[in-house]
Structure formats: structure tokens, C-alpha cells
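Chain by chain, the residues run as shown.
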Amino acid sequence: MNHSTEIILTIGGIFLVHGLIFYFLTRKKRIIKGKHVVVTGGSSGIGLWAAIECVRLGAHVTIIARKVSLLEKALEELEKYRVRDTQKIQFRSLDLAQNYAAVTGTLDELERLVGPVYMLVNCAGMAICGTVEDTSIEDAHRLMDVNYFATFYPTRHVLPKMKAAGDGIIVITASQAALVGIYGYGAYAASKFALRGLAETIAMEASHRGVSVTLALPADTDTPGFENENRTKPEETKIISGSGGLAKPEDVGRRIVQDALKGSFFSILGLESWVLSILCVGMAPWKGPLLCFVQFYLLGPLRLIGLLLQWNFRRIVKACAKRRQQT
């Protein structure tokens, strides 16, 4: 390498480092103090802890779920984190997958009472595991209703209002199953893949109008929903998904809110989720030079790791099938 090339590379490196420093120093985090945040699925688990984080940051918070008893307990918990006497903290009991008219009617009422929805955190969801042929048609429809339409309905309602206001935040909580299909997650993964498509589309449709979208990709999290999920998991699914451990819902909920306020497209927690988000980045929106630089250089090596993981998953599936044949 000659002297002039070294000088050019040095100057380029200096500009890159200073550019990245400037980017991170000037990257603004949105403020939700005094603004209206609606959290669906906010009666327990990740949704509850996301709502707690919003209350702690001074927002007016409305949680939506179906069971009144759980909502009442959640409201008591939210009150513990109140930072201002004027904060409005409330709940509404609603089946979000029921019909669009019911969702719009409830949200219109809330906006009249509290103000326009500045941030919508979609956390409503459920999991039913099983191979595709073992999943009933009723369960497949239910998963799509609860995981997709219960997010699509409120999102569709607030989106044009946020675009008209030139500001707003939409969080869509999917899972790692939105990135990769795993044995036993067929119908569930399909509903979560749909959420990723929705998030990427909204990001393209609305970012120029001041609306940011965050797609949350939590790994297995210690929630009541996860306990129900385990009851239907095939052996293969438990082995494949059990290696990553369990995240705490308070950590996941807090991270989702903080990532959304920073304008991150992906919200992830932990090394496993980070690696998977890089490996499956695809056509995800641009979110800064540093992340794109990392994605560019790691995609090749991570593809090899991904192939090794797929080989291991197939080995597990074959071993379980062989064990069942022998019993």
C-alpha cells in the first residue's frame, strides 16, 4: 500500500468516525410527557410493562384488553408509577379482533376524553403451537384475528390522524417468529410474518409524514401467554426454542418503548435477537449508517451460522421423529 492510499484511507476513516459521532449526538429521542399513549394487550406481560414505562415517562396512558379483572389489577400497578397528578391513566375492555367499528368507536371516545393518540403500542397477541396439519382451521383463524387484525384495526384508525398531524409513533409487537419459520409455529409464524409486512409497509407509506414505526421482535418472554403457549408446544419446538432462555417482561417492555422513542425500526433485546435481526434484515428500512455498515459486513458470516442452525434444527426434528417411531 503506497503513501497516498494510506492518506486517503486515514482521511476517509476520520470522516466516517466523525460522521457517526455527529449522527448519534444529533439523534433526537421523542418525548411523550403529557401525550396520549394507547397500549393494547396492556393488562399483563410485555404490554403491561410497556404501559408502565409510558406512565413513568409522564404520558397519559390507556390500556386495552378483554378481561376486566386483569385490567383492574393492571390499573392499580400503573398508578404506582404515576409522576404527575394530572396524568390520565385508564383502561377499556374491548375485543380488538371483534370488528373494526367497535375499535374505532372506542378510540374515538378515548380521543375525545384524553386527546389524540400520539403513540400506539400494539401488544395484543397469543400463541397456539402445533404442526400445520395438527392446527385446526378455527385456531388458524383465531391466531390471524388476534395477532394480525387486533393490530391492524387500531393501527388503521390512528394512522391517517397521525399523518395529518405530522407526528406519531406506531409500535407493532411481533416476535422472532416474524423472521424465521420454526417447527410447530406454522400458523403462529404466519400471523407474525404478516405483522412484519404491515410494519415495513407503514414505514414506507408514512415516514415522510412524520410517523415512525417500530417492529418489536421479542424472544421467549416470561409472561402468562408464554405459559399457555408451552401447553401446546411439540417436543421439537421446545428443544429448538428452549436454548435462548427467558427474557423478563419488564426488560422487554421498557426496551420496546425506548427503541420506539428513538425511532428504531427493529426493537430487539439480547444477542440472539440481534443476530437474527441482522441475518433476516432483508428490505427493512434504513436506520442509520452505523447499523447499515454492520449489516453489510456481517450478513455473509451470519448466513453461514444460519445454515448451521438450520442443519441443527433439522437434526432435532429427525431425532424426535425417530424416537417416536421406536416407542
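Taking an unreviewed UniProt entry as the reference, the protein is identified by name as 3-dehydrosphinganine reductase belonging to Anopheles atroparvus. Recorded in UniProt for the protein, the comment headed Sequence similarities (unreviewed entry) runs: "Belongs to the short-chain dehydrogenases/reductases (SDR) family." According to the UniProt record, the Catalytic activity (unreviewed entry) comment for the protein is "sphinganine + NADP(+) = 3-oxosphinganine + NADPH + H(+)".

The sheet contact formed by strand E2 (residues 60-65) and strand E3 (residues 89-93) spans five bridges and is parallel. When the sheet's bridge partners are listed, Thr 62 is paired in E3 with Gln 90. Running through helix H3 (residues 68-79), the crossover from E2 to the neighbouring parallel element E3 is right-handed.

Turning our eyes to something else, we now look at helix H5 (residues 137-165). The end-to-end C-alpha distance of H5 is 41 Å, a good match for the 42 Å that 29 residues give at a rise of 1.5 Å each. Largest kink in H5: about 35°, centred on Phe 149. Taken together, the buried positions of H5 are occupied by Leu 143, Asn 147, Tyr 148, Ala 150, Thr 151, Tyr 153, Pro 154, Thr 155, His 157, Val 158, Leu 159 and Met 162. Against the buried residues of H5 lie helix H4 (100-113), strand E4 (117-122), strand E5 (168-173), helix H6 (186-206) and strand E6 (211-216). At the exit of H5 stands Gly 166, carrying a positive phi of roughly 75°.

So, about the nonpolar core. Ile 172, Leu 215, Leu 217, Phe 265 and Phe 266 are the most contacted members of the largest nonpolar core, which has 39 residues in total. Residue assignment for this core shows that the elements contributing at least two residues are H4, E4, H5, E5, H6 and E6. Dropping the residues within four chain positions of it, Leu 217 is found in contact with Ala 174, Ser 175, Gln 176, Ala 178, Leu 179, Phe 266, Ser 267, Ile 268 and Ser 273. If you look at the next biggest cluster of nonpolar residues, it comprises 31 residues, including Ile 32, Val 55, Tyr 118 and Ala 216.

Turning to its location among the elements, His 60 is positioned in strand E2. For the pair His 60 and Arg 84, spaced 24 residues apart in sequence, the C-alpha separation works out to 9.8 Å. Apart from residues lying up to four places away in sequence, His 60 is in contact with Gly 34, Lys 35, His 36, Val 37, Arg 84, Thr 86, Gln 87, Lys 88 and Val 114. At 3.0 Å, the side chain of His 60 and the backbone nitrogen of Lys 88 are in polar contact.

At a minimum axis distance of 8 Å, the contact between H5 and H6 shows a crossing angle of 10°. When the axes of H5 and H6 are compared, the pair comes out roughly parallel. Residue-level contacts link Ala 140, Leu 143, Met 144, Asn 147, Tyr 148, Thr 151, Phe 152, Thr 155, Leu 159 and Lys 163 of H5 to Ala 187, Tyr 188, Ala 190, Ser 191, Lys 192, Ala 194, Leu 195, Leu 198, Ile 202, Glu 205 and Ala 206 of H6. Residue composition of the contact of H5 with H6, grouped by class: 14 nonpolar, four polar and three charged.

Let us look at the UniProt feature "transmembrane region" (unreviewed entry) in the protein. Within this numbering scheme, the UniProt entry marks residues 6-25, 264-284 and 296-313 as carrying the feature "transmembrane region" (unreviewed entry). What you have in residues 264-284 is 43% helix and 10% strand, and the ends, taken at the C-alpha atoms, are 11 Å apart. Along residues 296-313, the helical share is 100% and the strand share 0%, with 26 Å between the first and last C-alpha atoms.

If you trace the seven strands from one edge of the open sheet to the other, you get E3-E2-E1-E4-E5-E6-E7, paired in parallel fashion. Two strands bound the open sheet, and with one partner strand each, they are E3 and strand E7 (266-267). As defined by bridge partners, E5 adjoins E6 across six bridges and the pair is classed as parallel. Counted as the bridge partner of Val 171 is Thr 214 from E6. This element, H6, spans E5, E6 and E7 of the sheet and lies at about 160° to E6. Contacts between helix H9 (residues 249-262) and the sheet are confined to E4, E5, E6 and E7, with E5 contributing the most and set at about 140° to the helix.

Let us look at a nonpolar patch on the surface. On the surface, a nonpolar cluster with roughly 450 Å² of combined accessible area is contributed by Leu 290, Phe 293, Phe 296 and Tyr 297. Position of Leu 290 among the secondary structure elements: in helix H11 (residues 289-326).

Structurally, the position occupied by Arg 92 is in strand E3. A distance of 3.2 Å separates the side chain of Arg 92 from the side chain of Glu 109, its partner in a polar contact. Those residues in contact with Arg 92 that sit more than four places away from it in its chain are Ile 63, Ile 64, Ala 65, Leu 71, Thr 106, Glu 109, Leu 110 and Leu 113.

Time to look at H4. The end-to-end C-alpha distance of H4, which contains 14 residues, comes to 20 Å, matching closely the 20 Å that a straight helix rising 1.5 Å per residue would cover. Residues of H4 that are buried: Val 103, Thr 104, Thr 106, Leu 107, Leu 110 and Glu 111. Down the axis of H4, the buried side of the element spans an arc of 165°, and every buried residue falls inside it. Facing away from the buried side of H4 by over 90 degrees, the exposed positions are Ala 101 and Arg 112.

So, how was this worked out
- Residues numbered from 1 in each chain as written.
- Predicted model: local features only at pLDDT ≥ 70, side-chain atom pairs only at ≥ 80, totals over all residues.
- Heavy atoms only, no water.
- UniProt positions renumbered as here; feature names shortened; annotations may be inferred.
- Pairing = 2+ DSSP bridges.
- Helix = DSSP H or I, 4+ residues; strand = E, 2+ residues; numbered from the N terminus.
- Right-handed = clockwise from strand over helix to strand, strands pointing away.
- Expected span 1.5 Å × (residues − 1).
- Bend = angle between axes of the 7 residues up to and from the residue.
- Buried < 20%, exposed > 50% of the residue type's maximum accessible area, 1.4 Å probe, protein only.
- Contact = heavy atoms within 4.5 Å.
- Core = buried A, V, L, I, M, F, W, Y, C linked by side-chain atoms within 4.5 Å.
- Polar contact = N/O pair within 3.5 Å; in protein donor to acceptor, adjacent residues only side chain to side chain.
- Axes fitted to C-alpha atoms, helices over the stretch in contact; angles between N-to-C directions.
- Parallel < 35°, antiparallel > 145°, perpendicular 65-115°, else oblique.
- Nonpolar A, V, L, I, M, F, W, Y, C, P; charged D, E, K, R; others polar.
- Patch = residues over 30% accessible without salt bridge, like charges linked within 9 Å, V, L, I, M, F, W, Y side chains within 5 Å.
- Areas by Shrake-Rupley, 256 points an atom, 1.4 Å probe, with all protein chains shown as cover.
- Salt bridge = Lys/Arg side-chain N within 4 Å of Asp/Glu carboxyl O.
- Arc of directions from axis to C-beta.

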